[in-house]
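A closer look at the structure
Chain by chain, the residues:
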Amino acid sequence: IQAERELLREIRALADKVIDTSAMAAKDLRKEIAGSFAESGPTGPIITVRSFGFKHGLPLDADLVFDVRHLINPHYVPHLRPMDGRNEEIVTYVEAHPDTLPFIEKLNDFVGFTLPRYIAEGKAYLTVSVGCTGGRHRSVMIAEQLGRFLDHQGYRVLIQHRDLDKGG
């Protein structure tokens, strides 16, 4: 340690701020750095809400994964098949099923409950993945709705659709 300090002596002399981390937990260091160097603007973690298709594999970077294959599938309705979950006809079709709105309410409640706890643990980003069979209809629709819910709650949200263009 003494040799390293000697090697870094000149660099330390140039520093505007020195943080002693010897008795600091990782989440406390993160807060210290954010408090000292964060730019002004929206704060808090970035929440990525990503739709995907199980047939294309699970997303490797997901923190939370929700399976929506239990919801009614527009893929089997010929005129709906070419559309995706951002289309109002798909939304109307899936929402008409009696399980959909209660599921959305419970999903919003669960994610809304857990996010402040992840933030308290110092998460700078969180990826919530929503999957259906192909990643074009149900998962896209639910991801869009969850993303809007989180945005309305004041979170910084990024919505991505991993498998939207992969074909049915």
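You'll find the structure just up there.
Presented here is a report on the structure given in the accompanying data block. Since the model is a prediction, treat every value here as computed from it, not as a measurement.

Under the counting rule described, the total for this entry stands at eight salt bridges. A salt bridge links Lys123 to Asp63; the shortest N-O distance between them is 3.3 Å. You can see Lys123 sitting in the loop between α5 (100-120) and β3 (125-132) and its partner Asp63 sitting in the loop between β1 (46-53) and β2 (64-67), a full 60 residues away along the chain. Residue Glu144 pairs with Arg148 through a salt bridge whose shortest N-O separation is 3.8 Å.

Our focus in this paragraph is the nonpolar core. Counting 27 residues, the largest nonpolar core has Ile47, Ile142 and Leu150 as its most contacted members. Elements supplying a minimum of two residues to this core: β1, β2, α4 (88-95), α5, β3 and α6 (138-152). The residues contacting Leu150, other than those within four sequence positions of it, are Ile47, Val49, Val111, Leu115, Tyr155 and Val157.

Relative to each other, α5 and α6 sit at 45°, their axes nearing to 10 Å. When the interaxial angle is binned, α5 and α6 end up oblique. Read as a crossing pair, α5 and α6 show a hand that is right-handed. Here Thr100, Phe103, Ile104, Leu107, Asn108, Val111, Gly112 and Leu115 of α5 come into contact with α6, specifically with Met141, Ile142, Gln145, Leu146, Phe149 and Leu150. Across the contact of α5 with α6, the residue classes break down as ten nonpolar, four polar and no charged.

It is worth spelling out the environment of Ile142 at this point. Within the secondary structure, Ile142 sits in helix α6. Residue Ile142 is classed as buried on the basis of its relative accessible area of 1%. Along the primary structure Ile142 and Gly112 are separated by 30 residues, whereas in three dimensions their C-alpha atoms are 15 Å apart. If sequence neighbours within four positions are ignored, Ile142 has contacts with Val68, Leu71, Phe103, Ile104, Leu107 and Val130.

Counted according to the given criterion, the structure contains two aromatic pairs. Across the ring face of Phe113, the terminal group of Arg117 is positioned such that the distance to the ring centre comes to 3.8 Å.

One open sheet holds the four strands; their spatial order is β2-β3-β1-β4, and the pairing between them is parallel. Strand pairing shows two members of the sheet lacking a second neighbour, β2 and β4 (156-161), which therefore form its edges. Taking the axes of each pair of neighbouring strands and ignoring which way they run, one obtains an average angle of 20° across the sheet. The sheet contact formed by β1 and β4 spans six bridges and is parallel. Across the sheet, residue Val49 finds its bridge partner in β4, namely Ile159. Relative to β2, α5 is tilted by about 175°, and along the sheet it contacts β1, β2 and β3. Strand contacts of α6: β1, β3 and β4, with the helix running at about 170° to β4, the strand carrying the most contacts.

Reading guide: rules and limits
Residues numbered from 1 in each chain as written. Predicted model: local features only at pLDDT ≥ 70, side-chain atom pairs only at ≥ 80, totals over all residues. Heavy atoms only, no water. Salt bridge = Lys/Arg side-chain N within 4 Å of Asp/Glu carboxyl O. Helix = DSSP H or I, 4+ residues; strand = E, 2+ residues; numbered from the N terminus. Core = buried A, V, L, I, M, F, W, Y, C linked by side-chain atoms within 4.5 Å. Buried < 20%, exposed > 50% of the residue type's maximum accessible area, 1.4 Å probe, protein only. Contact = heavy atoms within 4.5 Å. Axes fitted to C-alpha atoms, helices over the stretch in contact; angles between N-to-C directions. Parallel < 35°, antiparallel > 145°, perpendicular 65-115°, else oblique. Left-handed = near helix turned anticlockwise from the far one by under 90°. Nonpolar A, V, L, I, M, F, W, Y, C, P; charged D, E, K, R; others polar. Phe/Tyr/Trp six-rings, centres within 6.5 Å; stacked < 30°, edge-to-face > 60°. Lys NZ or Arg CZ within 6 Å of the ring centre and 35° of its normal. Pairing = 2+ DSSP bridges.

Scope: geometric values only; no functional claims are made or implied.
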